[in-house]
Amino acid sequence: MQSWLDTFLQMLALPQYGLSTLFVASFISATLLPIGSEPFLYGLLHLNPELFWSAILVATAGNTLGGAFDWWMGYGAHKIADRYSHSKHHTRVIEWLERLGPKACLLSWLPLVGDPLCAVAGWLRLPFWPCLFYMLIGKFLRYLAMTSVLVHFFAK
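Everything numeric here is computed off the predicted structure, so don't read it as measured data.

Q: Can you walk me through the packing of helix α3 (residues 38-47) against helix α8 (residues 128-154) in this structure?
A: To describe two helices that pack against each other, one gives the angle between their axes and the distance between the axes. Running from N to C, α3 and α8 point in directions that differ by 50 degrees, and their axes come no closer than 11 Å. Taken together, the axis directions place α3 and α8 in an arrangement best described as oblique. The two elements α3 and α8 cross, and the hand of that crossing is right-handed. Together, Glu38, Leu41, Tyr42 and Leu45 of α3 and Arg142, Tyr143, Met146, Thr147, Leu150, Val151 and Phe154 of α8 make up the contact between the two elements. A breakdown of the residues in the contact of α3 with α8 according to their chemical character gives 8 nonpolar, 1 polar and 2 charged.

Q: Got a minute to help me understand helix α7 (residues 114-123) in this structure?
A: Residues lying three or four places apart along an α-helix face the same way, a consequence of the helix completing one turn every 3.6 residues. A large share of α7 lies buried, amounting to 8 of its 10 residues. If you check which residues of α7 are buried, you get Gly114, Asp115, Leu117, Cys118, Ala119, Ala121, Gly122 and Trp123. Directly after α7, the chain includes Arg125, whose backbone phi takes a positive value near 60 degrees.

Q: I keep staring at the packing of helix α4 (residues 52-76) against α8 and nothing clicks. Help me out?
A: The geometry of α4 relative to α8 is characterised by a closest axis approach of 8 Å and an angle of 140 degrees between their N-to-C directions. With respect to α8, the axis of α4 lies oblique. You can see that α4 and α8 cross each other, and the crossing is right-handed. For the contact of α4 with α8, the class distribution of residues is 17 nonpolar, 6 polar and 2 charged.

Q: Would you take a moment to explain the nonpolar core for this structure?
A: Soluble, globular proteins show a tendency: their nonpolar side chains are buried together. Of all hydrophobic cores here, the largest spans 17 residues; its most connected members are Trp71, Cys105, Ala121, Leu124, Cys131 and Met135. For this core, the secondary-structure elements that each account for two or more residues are α4, α6 (88-100), α7 and α8. It is α8 that contributes the most residues to this core, 5 residues altogether. In this structure, Cys131 is in contact with Trp71, Pro102, Cys105, Ala121 and Leu126, ignoring residues within four places of it in sequence. If you look at the next biggest cluster of nonpolar residues, it comprises 12 residues, including Leu19, Leu44, Leu51 and Ala55.

Cut-offs used in this document
- Residues numbered from 1 in each chain as written.
- Predicted model: local features only at pLDDT ≥ 70, side-chain atom pairs only at ≥ 80, totals over all residues.
- Heavy atoms only, no water.
- Axes fitted to C-alpha atoms, helices over the stretch in contact; angles between N-to-C directions.
- Helix = DSSP H or I, 4+ residues; strand = E, 2+ residues; numbered from the N terminus.
- Parallel < 35°, antiparallel > 145°, perpendicular 65-115°, else oblique.
- Left-handed = near helix turned anticlockwise from the far one by under 90°.
- Contact = heavy atoms within 4.5 Å.
- Nonpolar A, V, L, I, M, F, W, Y, C, P; charged D, E, K, R; others polar.
- Buried < 20%, exposed > 50% of the residue type's maximum accessible area, 1.4 Å probe, protein only.
- Core = buried A, V, L, I, M, F, W, Y, C linked by side-chain atoms within 4.5 Å.

What is shown is where atoms sit, not what they do.
Right under this line is the structure:
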């Protein structure tokens, strides 16, 4: 079992597998599942530092597409969410999001609130392409900043 696990982990460390694993982890972490992609990103860069920009772009793409998936889930869940529309907090958040529009998706990188924010943007039927654009910017800047700090402070 240990040799199988070692072989599997070595395979994932290869750039051609590591980037696809990072993409899947980034996509899943952008959904409402509580999984972070940062350990995958840092692990890949620790083993393959020359993949810095490729890894940032792949993580950004996976996380942005995961945010788009959240948007579509929110878009389809409009009827279900109507049950909870009588809350005072709900009304305040909806007004805030409607005022900001797609630019609110810049905050999609935030832990805990970023992924539901994408779903609520879909639920409010905010324009998909501008939302996706702002998600992309926010997520790219997050990965760039976070990875630069990790690589700088935890380099060999």
